[in-house]
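# Structural overview
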Amino acid sequence: TIVSKIMNSRYLRRWEVHKIYLDKTEICSATPLGMMESAIPYSSIEDVHIVSRWNAGQKFCIRITIPDGSLLMQAHNSYLRDQWLHSILWKRHMYKYEKILKSARRPEVLLKEIKNMIDVSLTTNIQDASIYQFPLDLVSDLLQQNADFITRVAHENIIVALAPLLENNH
């Protein structure tokens with residue numbers, strides 16, 4: 001969670017203070033009022049990036065672009081801003097991969113997307129056990145649910161693709 005000031009481009013530069021949570025499928029506020037009255041689904045986020053200079057003061061902001069406009073999240077320092085940027089990007093990627101992998105019906109597509117997901121997990125700037133655990137749990141569930149169409153060779157290739165994550169997880 002983060003206590004952050006948020007500004008929406010739909011309103012005229014009005015900051016609101018919110019306690020923000022990164023849920024499994026969306027960004028939400030502990031006090032769903034004002035600009036954060038509705039949660040922001042990761043699927044609706046078009047872009048997330050750092051705003052290097054907002055004004056003459058040192059404000060550490062992230063811009064989240066959504067179909068209705070954009071939100072600015074202001075953190076207390078650059079370290080916290082960067083943590084939130086990478087966390088939102090990672091959550092967005094994992095949400096996307098979960099949707100793609102759960103709908104994949106061809107073993108070659110499944111293997112390709114699993115490899116892409118593993119690359120994202122291994123190259124993220126976040127240092128947390130869940131970065132490696134989430135993909136392992138997701139693939140484990142997928143292998144159990146899709147045992148009927150995954151060949152033995154595809155199954156072995158998926159396990160080989162998971163090896164770098166298994167080295168970082170017990």
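Just above, that's the structure.
The rules behind the values
- Residues numbered from 1 in each chain as written.
- Predicted model: local features only at pLDDT ≥ 70, side-chain atom pairs only at ≥ 80, totals over all residues.
- Heavy atoms only, no water.
- Helix = DSSP H or I, 4+ residues; strand = E, 2+ residues; numbered from the N terminus.
- Buried < 20%, exposed > 50% of the residue type's maximum accessible area, 1.4 Å probe, protein only.
- Contact = heavy atoms within 4.5 Å.
- Areas by Shrake-Rupley, 256 points an atom, 1.4 Å probe, with all protein chains shown as cover.
- Axes fitted to C-alpha atoms, helices over the stretch in contact; angles between N-to-C directions.
- Parallel < 35°, antiparallel > 145°, perpendicular 65-115°, else oblique.
- Left-handed = near helix turned anticlockwise from the far one by under 90°.
- Nonpolar A, V, L, I, M, F, W, Y, C, P; charged D, E, K, R; others polar.
- Core = buried A, V, L, I, M, F, W, Y, C linked by side-chain atoms within 4.5 Å.
- Pairing = 2+ DSSP bridges.

Regarding its fold elements, the chain presents 4 helices and 7 strands. Reading the chain from its N end, one meets helices and strands in the order β-β-β-β-β-β-β-α-α-α-α. Here the chain holds 170 residues, and the buried ones make up 41% of them. In the chain, the proportion of contacts linking residues at least 24 apart, taken out of those at least 6 apart, comes to 46%. Of the roughly 9700 Å² of accessible surface on the chain, 51% is carried by carbon and sulfur atoms.

Running from amino to carboxyl end, helix α2 (residues 107-123) crosses helix α3 (residues 129-145) at an angle of 165°, the nearest separation of the two axes being 9 Å. The angle between the axes of α2 and α3 places the two elements in the roughly antiparallel class. The element α2 and its partner α3 pack so that their crossing is left-handed. Contacts between α2 and α3 pair Leu110, Ile114, Met117, Ser121 and Leu122 from the former with Ile131, Tyr132, Pro135, Leu138, Val139 and Leu142 from the latter. Its residues assigned to classes, the contact of α2 with α3 shows 10 nonpolar, 1 polar and no charged.

With that out of the way, let us pick up the nonpolar core. In terms of nonpolar packing, the biggest core is built from 26 residues, with Leu101, Leu110 and Ile158 touching the most fellow members. Of all the elements, α3 adds the most residues to this core, at 7 residues. Filtering out sequence-adjacent residues up to four positions away, Leu110 remains in contact with Leu101, Ala104, Leu142, Ile150 and Ile158. In this structure, Ile66, Leu71, Leu80 and Tyr95 belong to the second largest nonpolar core, which totals 20 residues.

Residues Glu16, His18, Ile20 and Leu22 point to one face of strand β2 (residues 16-22) and are all buried, whereas Val17, Lys19 and Tyr21, pointing to the other face, are not buried. Here β2 pairs with strand β3 (residues 26-29) via 3 bridges, running antiparallel. Note that in β3 the partner of Tyr21 across the bridge is Cys28. Linking β2 back to β3 in an antiparallel pair, the connection comprises 3 residues.

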